[in-house]
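Reading the structure
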Amino acid sequence: MAVLGWILVIALFAVGMAGAVYPVLPGVLAVYFAFFVYGWFFSFESFGWVFWTVQTLIVVVLMVADYAVGAWGVKKFGGSKLSVWLSTIGIIIGPFVIPAFGLVLGPLLGAMIGELIRGESIDRAFKVGIGSVVGLFSSFVVKIILQLVMIILFIIWIL
């Protein structure tokens, strides 16, 4: 059973890290759930209230930052609320519509469409679209770093 427990924990960590760049996967929630799987298979004894408080705060920060950083990219480049919404929708559906490039093209096109609907020029719409991609990649970096922190803290705590 110990081997199965570790396989599940490591698989959830892998899914979590993949979810940092592929928004359809659960990301940070998979990492968080791995702690419960470890507890169920081994023991919750090494996890105290400090562990759970720190990990939960990181999860909350990541969930808020995920939206905020993406929206920041669109807003920083002069985008509207409509562009923020459409770039977010583009992040979600882009990988399904254009499998190889949809993760980048989805938010880019979503933000551009938002600005074009508002009557902006194609140049301005493209600039805002680039902002959505900058926000997307910034979000990836933040998620990867914080999820790695979560995993490292877990390893430190169980040792």
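The coordinates are above.
So, here is what we can say about the structure in this document.

Rules used throughout
- Residues numbered from 1 in each chain as written.
- Predicted model: local features only at pLDDT ≥ 70, side-chain atom pairs only at ≥ 80, totals over all residues.
- Heavy atoms only, no water.
- Salt bridge = Lys/Arg side-chain N within 4 Å of Asp/Glu carboxyl O.
- Buried < 20%, exposed > 50% of the residue type's maximum accessible area, 1.4 Å probe, protein only.
- Helix = DSSP H or I, 4+ residues; strand = E, 2+ residues; numbered from the N terminus.
- Expected span 1.5 Å × (residues − 1).
- Bend = angle between axes of the 7 residues up to and from the residue.
- Axes fitted to C-alpha atoms, helices over the stretch in contact; angles between N-to-C directions.
- Parallel < 35°, antiparallel > 145°, perpendicular 65-115°, else oblique.
- Left-handed = near helix turned anticlockwise from the far one by under 90°.
- Contact = heavy atoms within 4.5 Å.
- Nonpolar A, V, L, I, M, F, W, Y, C, P; charged D, E, K, R; others polar.

Moving on to the pattern of salt bridges. For the coordinates displayed, the defined rule picks out 3 salt bridges. With a closest N to O distance of 3.8 Å, Glu120 and Arg118 form a salt bridge. Residue Arg118 is classed as partly exposed on the basis of its relative accessible area of 47%. A salt bridge links Arg124 to Glu120; the shortest N-O distance between them is 3.4 Å. Taking relative accessible area as the criterion, Glu120 reaches 26% and is therefore assigned partly exposed.

Now for helix H4 (residues 81–97). Between its terminal C-alpha atoms H4 stretches 23 Å, which fits the 24 Å expected from 17 residues at 1.5 Å a residue. Considering bend angle alone, the principal kink of H4 is centred on Ile91 and spans about 40 degrees; proline Pro95 follows within four residues of it.

Turning our attention to the packing of helix H5 (residues 102–117) against helix H6 (residues 122–158). At a closest axis distance of 8 Å, the pairing of H5 and H6 adopts a crossing angle of 140 degrees. As summarised for this structure, H5 and H6 are arranged oblique, according to the angle between their axes. Considering only the axes of H5 and H6, their crossing is right-handed. Contacts between H5 and H6 involve Leu103, Val104, Pro107, Leu108, Ala111, Met112, Glu115 and Leu116 on the former and, on the latter, Ile122, Arg124, Ala125, Phe126, Val128, Gly129, Ile130, Ser132, Val133, Leu136, Phe137 and Phe140. For the contact of H5 with H6, the per-class residue count stands at 16 nonpolar, 2 polar and 2 charged.

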